[in-house]
Amino acid sequence: MKKFDKERVLLAVAGPVIALAVAFALSAIVLLASGKNPVEPFALMFEQATFSDIQILIVNQASMYYIAALAVAIGFRMNLFNIGVDGQYQLGAIMAAVVGAHMNLPAFLQVPLLLLTAVFTGAFWAGIAGVLKVTRGVSEVVATIMLNAIATSLIVYMWKPDVFGVKIGNNSTTGEMHESGWVPGIDLGEAGEIYGLIVLAALLGIGYWVVLNRTRFGFDLRASGASTTAAAASGVNPKRMVLTAMLLSGGLAGLAGLPILLGDSHTYNLNFPTGIGFLGIGIALLGRNSPVGIAFAALLWAWLDKASPELDFHGYDKEIAVIMQGLIVLSVVVSYEAVREWGLRRQQRRVGAELAAGHVLGADNNTTKEVAGR
């Protein structure tokens, strides 16, 4: 491996490693300040990760986090901050649940229909922010925040009994979906069942890498994110790329809730997971927008979620996991900037050394020519 490639790998790995180390250290300080053992909570959570049933829960949760983080990452690669992934994900899930409860096609048609419903719903909701940005210059941050609030209100409206809602006790649901829309999981016996759509999450990760790194569209997307002026000069339409990136981000976000919807709950109700879109932001940051990095970050986040309940039984607050997640996000921002500055300085020193070497070589060549001329 060339020296330059080694430096790139080092820079890519250093940021996440520093961020995690700082987050664990700060979490330990918080525990110490509260008079608790700073090591035992982490030991308890690591122990939980050795149990097969917890491992299944972690993988299942990570599949949803992974898709949401990919949606965020597409926006990041275009230099867009799609905070509306949570609203897009929830609307995609509830629309798929409604269609699944009211249509009963053969499974080979029903499942693709539900997937497309979620994709188009999420893309449409994100597309509103994209259109506002390219036509009126409205910040996607402001637009998607407002759209999240509107999405919540729409969901409450759709839960009304005279719309699509079905009351089961005190729980508002969209009614149970037809079995033709259920996606069977991977049965691991007593440990539990892995969501069948984890395969979809893996395929989305592969597709994300291929599109961004092996296609002209991916190059245009990354170029537009780096510099809209330079991209425009090379013939790329920046506004079209902004709108396309928002549509792709929203389409992926719409799929984030389907692993649990089609693999477990089979309805959208009050107990359906929320906040996944916001967690996707931190996961995408920690994973540095890389499909492999995001996978590890999603597993880490899921581990913190699923292993932390054990802390309650040992006198610790399980919220320590939430504190760690917040500290990881803060540490990521600081560590990545520090690593970037360090890499920039190394690059400047290397270029300076090469220029100096070239100057010396040029001087030696001139001396040789003078001697030969004599």
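The rules behind these values
Residues numbered from 1 in each chain as written. Predicted model: local features only at pLDDT ≥ 70, side-chain atom pairs only at ≥ 80, totals over all residues. Heavy atoms only, no water. UniProt positions renumbered as here; feature names shortened; annotations may be inferred. Helix = DSSP H or I, 4+ residues; strand = E, 2+ residues; numbered from the N terminus. Expected span 1.5 Å × (residues − 1). Bend = angle between axes of the 7 residues up to and from the residue. Axes fitted to C-alpha atoms, helices over the stretch in contact; angles between N-to-C directions. Parallel < 35°, antiparallel > 145°, perpendicular 65-115°, else oblique. Left-handed = near helix turned anticlockwise from the far one by under 90°. Contact = heavy atoms within 4.5 Å. Nonpolar A, V, L, I, M, F, W, Y, C, P; charged D, E, K, R; others polar. Salt bridge = Lys/Arg side-chain N within 4 Å of Asp/Glu carboxyl O. Buried < 20%, exposed > 50% of the residue type's maximum accessible area, 1.4 Å probe, protein only.

Under an unreviewed UniProt entry, the protein has the name ABC transporter permease and belongs to Streptomyces incanus. Regarding the protein, the UniProt comment filed under Subcellular location (unreviewed entry) reads as follows: "Cell membrane".

Caption draft 1: A look at helix 5 (residues 107-136). Between the first and last C-alpha of helix 5 there are 43 Å, a value that for 30 residues agrees with the 44 Å anticipated at 1.5 Å per step. By the largest-angle criterion, Gly127 marks the main kink of helix 5, which is about 25°. Count one or two residues on from helix 5 and you reach Gly137, which has phi positive near 75°.

Caption draft 2: Here's a closer look at the UniProt feature "transmembrane region" (unreviewed entry) in the protein. The sites that UniProt annotates as "transmembrane region" (unreviewed entry) are residues 9-34, 54-76, 88-105, 111-132, 141-159, 194-212, 242-263 and 320-339. End-to-end, the C-alpha atoms of residues 54-76 are 32 Å apart, and along that stretch the chain is 100% helix and 0% strand. Here residues 88-105 runs as 83% helix and 0% strand, with 25 Å between its end C-alpha atoms.

Caption draft 3: Broad picture of the packing of helix 4 (residues 85-102) against helix 10 (residues 238-255). The contact between helix 4 and helix 10 brings their axes to 7 Å, and the two run at 55°. One way to sum up the angle between helix 4 and helix 10 is to call them oblique. Crossing of helix 4 against helix 10: the hand is right-handed. Residues Val85, Gln88, Tyr89, Gly92 and Ala93 of helix 4 form the contact with helix 10, whose participating residues are Ser249, Gly250, Ala253 and Gly254. Residue classes in the contact of helix 4 with helix 10 are distributed as four nonpolar, five polar and no charged.

Caption draft 4: A look at the pattern of salt bridges. In this structure the tally under the stated criterion is two salt bridges. For the salt bridge of Lys133 with Glu140, the shortest nitrogen-to-oxygen distance reads 3.0 Å. A relative accessible area of 7% means that Glu140 is categorised as buried.

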